[in-house]
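Descriptive structure summary
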Amino acid sequence: MAQCVTRVELSVACEHLLDRDVGSKSDPLCVLLQDVGGDRWAELDRTERIKNCQKPEFSKKFIIDYYFEKVQKLKFGIYDIDNKSFDLNDDDYLGGIECTLGQIVSSSVFTRPLELKKGKPAGKGTVTISAEEIKDARVVYLEIEARNLDKKDFLGKSDPFLEFYKQTDAGTWQLVYRSEVIKNNLNPCWRKFSVPLQTFCGGDFNKPIKVQCADHDSDGSHDLIGRFETNLTQLQKAGDSSPVEFECIHPEKKQKKKSYKNSGIIRIKSCKIERDYSFLDYVMGGCQINFTVGIDFTGSNGDPKSPDSLHYISPDGINEYLIAVWSVGSVIQDYDTDKLFPAFGFGAQVPPSWQVSHEFALNFNPSNPYCQGIQGIVDAYRQILPQIRLYGPTNFSPIINHVARFAAHSAQQGNASQYFVLLIITDGEITDLDQTRQAIVNASKLPMSIIIVGVGEADFKAMEFLDGDNGVLKSLTGEPVARDIVQFVPFRQFKNAPREALSQMVLAEVPKQLVSYYKLQGWPPVKLPEVKHM
């Protein structure tokens, strides 16, 4: 097992991007891919999209584990995003680069020309990537509002947003956070946000911080309302009852006008610094991950006896359902001490009554649906297959609610001791979409994650909708998920890939989701990590 030497934060900025939009500038986003072997690339993360901008500085940072002993090949791709779909194949490619993480960390500023393909430059476009080692696990939480901001728009009020910059050792300003835009409001209150202490000021409480407030224009030509400089020591004086206020100054207005006071007041309502716990802090602190499997036995899969059925077990004893159970289960089982996994089927008629069931135990023992290890799930699946009739409809909500009941019970203990992961394997035709949306919204407030693996060649539009990557999933009543807990992966993308590629892709989000839940609750690990002083 390779030892992760350290974690590195990558900041990305571009210049002179190609213009692909008629009548306006491109809307770029940067995606980071990592080589997973066999000339295959897996997406690690992507930045926000910046509208109408040929010189973007992305506020979202990439966090990546750096292994000294591995060549970590990376690919940065810049895309012009003009639609809501998560898939980048329908977006204009503005160029990219391939390099190694070693190259980035060993040069203080890493700038390369963007290429559309090997040897073909993307106009004059360049990308600059700067790396910083993450040594500090503390996080700055800020709540900020403003009042009496200058009106910048001819017809309406201003649409203000904030940007925070830290001063680098070279004296330049580097963007560390950009807030959301609040439309048509001169007294905005931005939502509470957090920035790792390292990102915010490199851990130096006296490092200069520049705060800019600007009026957002959809064409990318944002107008400065005003700015001020401060540092974390000053910001930290903000407490619940005593906010810290700064005058927002527009330098040109100040020069021109003797009577000029300010362009508004920025008010720091609270500034707190807290320790951030990692996935490993929780796992090593005693958090158990409970793994449950739900398997789709609806008629659309085809008759299991027929070779073109998704449930047909090939002569070598496998099918896509079994491969998905093996590849995901084999990783998760290490985090579960008792190795007992509840496994359910849905959408079939089951004996003796032949009623359709949407949560029947694979071992036909409803009072004890646990299978011994991943092999136990596989054995139960093979045994049950000839004994049931594939039917319908395809309802996800019963099995999501089933696991949610356990997660809710565990959450009442009020500590980070149990987390639940539900793996649903399906051929994609979902019937109870509205009930499932509600079930996911409810589950997003509980210690659980849902992984959906789509098998077969169906159109998985509904699954992608549940994943919520290209927008926030909401229930029918409009209630949004408290956090993103669904990860959808189509199996066909991994048909010829090594098995670990599927589990890596499917499980990549679980650590983030687990940490986001406990962070939302404010629960530390059950056993706190020992603080090692450098």
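Residues numbered from 1 in each chain as written. Predicted model: local features only at pLDDT ≥ 70, side-chain atom pairs only at ≥ 80, totals over all residues. Heavy atoms only, no water.

- The chain is annotated in an unreviewed UniProt entry as Copine-3 of Nothocercus julius.
- The UniProt entry for the chain carries the following comment under Sequence similarities (unreviewed entry): "Belongs to the copine family." (UniProt positions renumbered as here; feature names shortened; annotations may be inferred.)

1. Notes on the overall build of the chain
- In terms of regular secondary structure, the chain is built from twelve helices and 26 strands.
- A compact globule built from 534 residues should have a C-alpha radius of gyration of about 24 Å, and the chain, at 26 Å, falls within 12% of that.
- Here the C-alpha coordinates of the chain stretch approximately 90 × 60 × 55 Å along the principal axes.
- A buried classification covers 49% of the 534 residues belonging to the chain.
- In the chain, the proportion of contacts linking residues at least 24 apart, taken out of those at least 6 apart, comes to 70%. (Helix = DSSP H or I, 4+ residues; strand = E, 2+ residues; numbered from the N terminus. Rg over C-alpha atoms; globule rule 2.2 N^0.38 Å. Buried < 20%, exposed > 50% of the residue type's maximum accessible area, 1.4 Å probe, protein only. Contact = heavy atoms within 4.5 Å.)

2. Focus: the packing of aromatic side chains
- A full pass over the atoms with the stated rule returns 18 aromatic pairs.
- Relative to Phe 200, the ring of Phe 164 has its centre 5.8 Å away and its plane inclined at 45 degrees; by these criteria the two rings are tilted. Of the two residues, Phe 164 sits in strand β10 (residues 160–167) while Phe 200 sits in helix α2 (residues 197–201), which places them 36 residues apart along the sequence.
- According to the relative accessible area criterion, Phe 164 is buried, its value standing at 0%.
- On the numbers, 5.9 Å between centres and 25 degrees between planes, the contact of Phe 297 with Tyr 381 is stacked. Of this pair, Phe 297 sits in the loop between β17 (288–296) and α6 (320–332) while Tyr 381 sits in helix α7 (residues 373–384); the two residues are 84 residues apart in sequence, bridging distant segments of the chain. (Phe/Tyr/Trp six-rings, centres within 6.5 Å; stacked < 30°, edge-to-face > 60°.)

3. Thoughts on the nonpolar core
- In this structure, Phe 291, Phe 297, Leu 362, Ile 377, Val 453, Leu 514 and Tyr 518 are the most contacted members of the largest nonpolar core, which totals 56 residues.
- The biggest single contributor to this core is α6, with seven residues.
- When sequence neighbours within four positions are dropped, the list of residues in contact with Ile 377 reads Val 293, Val 325, Phe 341, Ala 343, Leu 362 and Cys 371.
- By size, the runner-up hydrophobic cluster in this structure holds 31 residues, among which are Ile 144, Ile 182, Leu 186 and Cys 248. (Core = buried A, V, L, I, M, F, W, Y, C linked by side-chain atoms within 4.5 Å.)

4. Digging into the sheet that holds strand β12 (residues 193–196)
- An order of β12-β9-β16-β15 is seen for the four strands of this open sheet, with the pairing classed as antiparallel. The open sheet has two edge strands with one neighbour each: β12 and β15 (244–247). Averaged over all pairs of adjacent strands, the angle between their axes in this sheet comes to 35 degrees, without regard to strand direction.
- Where β15 lies against strand β16 (residues 265–275), four bridges are found, and the strand directions are antiparallel. Looking at β16, one finds that Phe 246 is bridged to Ile 266. (Pairing = 2+ DSSP bridges. Axes fitted to C-alpha atoms, helices over the stretch in contact; angles between N-to-C directions.)

5. Points about the packing of α6 against α7
- Interaxial distance between α6 and α7 falls to 10 Å at its minimum, and their mutual angle equals 165 degrees. Between α6 and α7, the angle falls in the class roughly antiparallel. The element α6 and its partner α7 pack so that their crossing is right-handed. Seen from α6, the contacting residues are Tyr 321, Leu 322, Val 325, Trp 326, Gly 329 and Ser 330; seen from α7, they are Ile 374, Gln 375, Ile 377, Val 378, Tyr 381 and Arg 382.
- The class makeup of the residues in the contact of α6 with α7 is eight nonpolar, three polar and one charged. (Parallel < 35°, antiparallel > 145°, perpendicular 65-115°, else oblique. Left-handed = near helix turned anticlockwise from the far one by under 90°. Nonpolar A, V, L, I, M, F, W, Y, C, P; charged D, E, K, R; others polar.)

6. Description of the domain arrangement of the chain
- In terms of domain boundaries, the chain breaks down into domain 1 (6–134), domain 2 (138–275) and domain 3 (294–521).
- For domain 1 versus domain 3, the separation of C-alpha centres amounts to 33 Å.
- If you look at the interface, domain 1 gives five residues, while domain 3 gives six residues.
- In this assembly, domain 1 packs against domain 3 so that about 570 Å² is buried in total across both faces, 52% of it on carbon and sulfur atoms.
- Taken together, the connections running from domain 1 to domain 3 amount to zero salt bridges. (Domains from an automatic or database assignment. Buried area = accessible area lost by both parts, 1.4 Å probe. Salt bridge = Lys/Arg side-chain N within 4 Å of Asp/Glu carboxyl O.)

7. Notes on helix α8 (residues 397–411)
- Helix length check: α8, at 15 residues, gives a terminal C-alpha distance of 20 Å against a target of 21 Å (1.5 Å per residue), a fit within 8%.
- Tucked inside the fold, the buried residues of α8 contact β17, β18 (340–346), β24 (418–426), α9 (433–443), β25 (448–454) and α12 (510–521). (Expected span 1.5 Å × (residues − 1).)

8. Re a negative patch on the surface
- Together, Asp 87, Asp 90, Glu 429, Asp 459 and Glu 464 line one region of the surface with negative charge.
- Residue Glu 464 is classed as partly exposed on the basis of its relative accessible area, which comes to 41%. (Patch = residues over 30% accessible without salt bridge, like charges linked within 9 Å, V, L, I, M, F, W, Y side chains within 5 Å. Areas by Shrake-Rupley, 256 points an atom, 1.4 Å probe, with all protein chains shown as cover. Lys, Arg positive; Asp, Glu negative; His and termini not counted. Charge placed at Lys NZ, Arg CZ, Asp CG, Glu CD.)

9. Examining α7
- If you check α7, its first and last C-alpha atoms are 17 Å apart, about what twelve residues at 1.5 Å a residue would give, namely 16 Å.
- Among the residues of α7, those classed as buried are Gly 373, Ile 374, Gly 376, Ile 377, Val 378, Ala 380, Tyr 381 and Ile 384.
- Among the structural elements, β17, α6, β18, β21 (360–361) and β22 (370–372) are those in contact with the buried residues of α7.

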